[in-house]
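# Chain and residue survey
This is what each chain is made of:
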Amino acid sequence: MSAPAYRTPYTPTPGGSIPAAHVTPEEGRAELWGFFWLSLVNTVVIAVVGITVWWFVH
C-alpha cells in the first residue's frame, strides 16, 4: 500500500492561488467562471457609466 500523495499547502506562484491546495478542480473552475462573469458585469457597468457621462457632457 502506497502513501497518499502529498499536497503542499503553498501555492505554486507567489501571491497566487492557482488553485489553492484545498480547492478541488470543480471548485477552481467554478471560481474562475464566477470571476469571469463578475469582471464582465463590472466592464458593462463601467462602460454604461462612461457613455452616460459622455452623453450628459455633450
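Above this note sits the structure.
Residues numbered from 1 in each chain as written. Predicted model: local features only at pLDDT ≥ 70, side-chain atom pairs only at ≥ 80, totals over all residues. Heavy atoms only, no water.

All right, on to the overall build of the protein then. Across its full length, the protein carries 1 helix and 0 strands. Burial analysis of the protein (58 residues in total) assigns 5% to the buried set. Accessible area of the protein: about 5,500 Å², with a carbon and sulfur share of 73%. (Helix = DSSP H or I, 4+ residues; strand = E, 2+ residues; numbered from the N terminus. Buried < 20%, exposed > 50% of the residue type's maximum accessible area, 1.4 Å probe, protein only. Areas by Shrake-Rupley, 256 points an atom, 1.4 Å probe, with all protein chains shown as cover.)

Evaluated as defined, the whole model comprises 3 aromatic pairs. Judged by centre distance (5.5 Å) and plane angle (90 degrees), the rings of Trp33 and Phe36 are edge-to-face. Taken as a pair, Trp33 and Phe36 lie in helix α1 (residues 25-57) at a separation of 3 residues, close to a single helical turn. On the basis of relative accessibility, which here comes to 52%, the residue Trp33 falls in the exposed class. Given a relative accessible area of 37%, Phe36 falls into the partly exposed group. On the basis of an interplanar angle of 70 degrees and a centroid distance of 4.9 Å, the ring pair of Phe36 and Trp37 is categorised as edge-to-face. Each member of the aromatic cluster is reached from another via a ring pair, and the members are Trp33, Phe36 and Trp37. (Phe/Tyr/Trp six-rings, centres within 6.5 Å; stacked < 30°, edge-to-face > 60°.)

Summed over the entire model, instances satisfying the criterion amount to 1 salt bridge. Residues Arg29 and Glu26 are paired through a salt bridge, measuring 3.9 Å at the closest nitrogen-oxygen approach. With Arg29 and Glu26 both in helix α1, this residue pair falls 3 residues apart, about one helical turn. Among the residues examined, Arg29 registers a relative accessible area of 46% and is labelled partly exposed. Its relative accessible area of 53% is what places Glu26 among the exposed residues. (Salt bridge = Lys/Arg side-chain N within 4 Å of Asp/Glu carboxyl O.)

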